[in-house]
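Understanding the architecture of this molecule
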Amino acid sequence: MKKREFKEKFERDFALLSPDSDVMEAFRMIRTNIEFSSKSTVRTVLLTSSVPNEGKSTTISNLARAFAHSGYRTLIVDLDMRRPVQHKIFGVPNNIGVTSLIVKQCKASEAIQATMEENLYLLPCGIRPKNPAELLRSVSSENLIKFLGSKFDIVFIDSPPAMAIADAAIISAYVDTTILIVSANNVDYRCVQHTISNLTKVNANMMGCIINDIKDQDSSYYKYKGKYYANY
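Now for a quick tour of the structure. (Residues numbered from 1 in each chain as written. Predicted model: local features only at pLDDT ≥ 70, side-chain atom pairs only at ≥ 80, totals over all residues. Heavy atoms only, no water.)

Considering helix H2 (residues 22-37)
- Here H2 spans 23 Å end to end across 16 residues, near enough to the 22 Å set by a 1.5 Å rise per residue.
- Here H2 has its buried residues at Val23, Met24, Ala26, Phe27, Ile30, Arg31 and Ile34. Looking straight down H2, one finds its buried side chains confined to an arc of 150°; they lie on one side. (Helix = DSSP H or I, 4+ residues; strand = E, 2+ residues; numbered from the N terminus. Expected span 1.5 Å × (residues − 1). Buried < 20%, exposed > 50% of the residue type's maximum accessible area, 1.4 Å probe, protein only. Arc of directions from axis to C-beta.)

Quick look at the structure:
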């Protein structure tokens, strides 16, 4: 096996958790929180983080699986046009994707791919553009997200970290709700406050936070098995 193939297989196997694991049980509990946390129907959900390496993409992939396992027709959209990884996690091609749809180079049926998980589909990033923020500001991007929300029971959108890049703030205006992923041991609390403040200023509908990477001794956070905590 080539080095690149081994790396991608490792990333995929590491990211996709066993359905019987304690951590997947935590994701099922978070799924329940999301189901009952909003009075209105939630179809499109943006998940972002303050800084890189907070476990955002892994959290999205497994949370989406929890919804798919429950019978929801679920779609992951990789709108992290700067460092897309969802295609690696699920082992699917990335030659066409969301960027192709935004510029109308293909049909949705050609870009959306089924995964190995029942009820779970992936719209990968596709070819990375030179101007992600400008592409996201287009009417085509907003219309695409609304269209996808009408075709699936729930859509989870992966975006770049929100601290220093405008992408997440732009996308938050197009979705029903936004959830912030927080690594308890990898981000300063002031960064989290700053990120929430920035998203609130653009009228993002903040549902809450998912805190991960919690150590056993962090008793103030340690609520669920698997070291995940949902705060809504």
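We are not done yet, so read on.
With respect to the nonpolar core
- Of all hydrophobic cores here, the largest spans 29 residues; its most connected members are Leu75, Val77, Leu79, Leu123, Leu148, Ile157 and Ile171.
- Of all the secondary structure elements, the ones that give two or more residues to this core are strand E2 (74-78), helix H5 (98-102), helix H6 (108-111), helix H7 (132-136), helix H8 (139-151), strand E5 (154-158) and helix H9 (167-172).
- The next biggest cluster of nonpolar side chains, apart from the first, holds 26 residues, and it includes Phe27, Val45, Phe156 and Met207. (Core = buried A, V, L, I, M, F, W, Y, C linked by side-chain atoms within 4.5 Å.)

Topic: the pairing of strand E7 (residues 206-212)
- Among the 7 residues of E7, 6 are classified as buried, and the element is accordingly described as predominantly covered.
- Bridging between strand E6 (residues 177-183) and E7 involves 6 bridges; their strand directions are parallel. Directly across from threonine 178, in E7, lies its bridge partner methionine 206. (Pairing = 2+ DSSP bridges.)

Quick look at the packing of aromatic side chains
- As enumerated under the stated definition, the model contains 3 aromatic pairs in all.
- Directly above the aromatic system of tyrosine 121 lies the positively charged group of arginine 73, at a separation of 5.1 Å from the ring centroid. (Phe/Tyr/Trp six-rings, centres within 6.5 Å; stacked < 30°, edge-to-face > 60°. Lys NZ or Arg CZ within 6 Å of the ring centre and 35° of its normal.)

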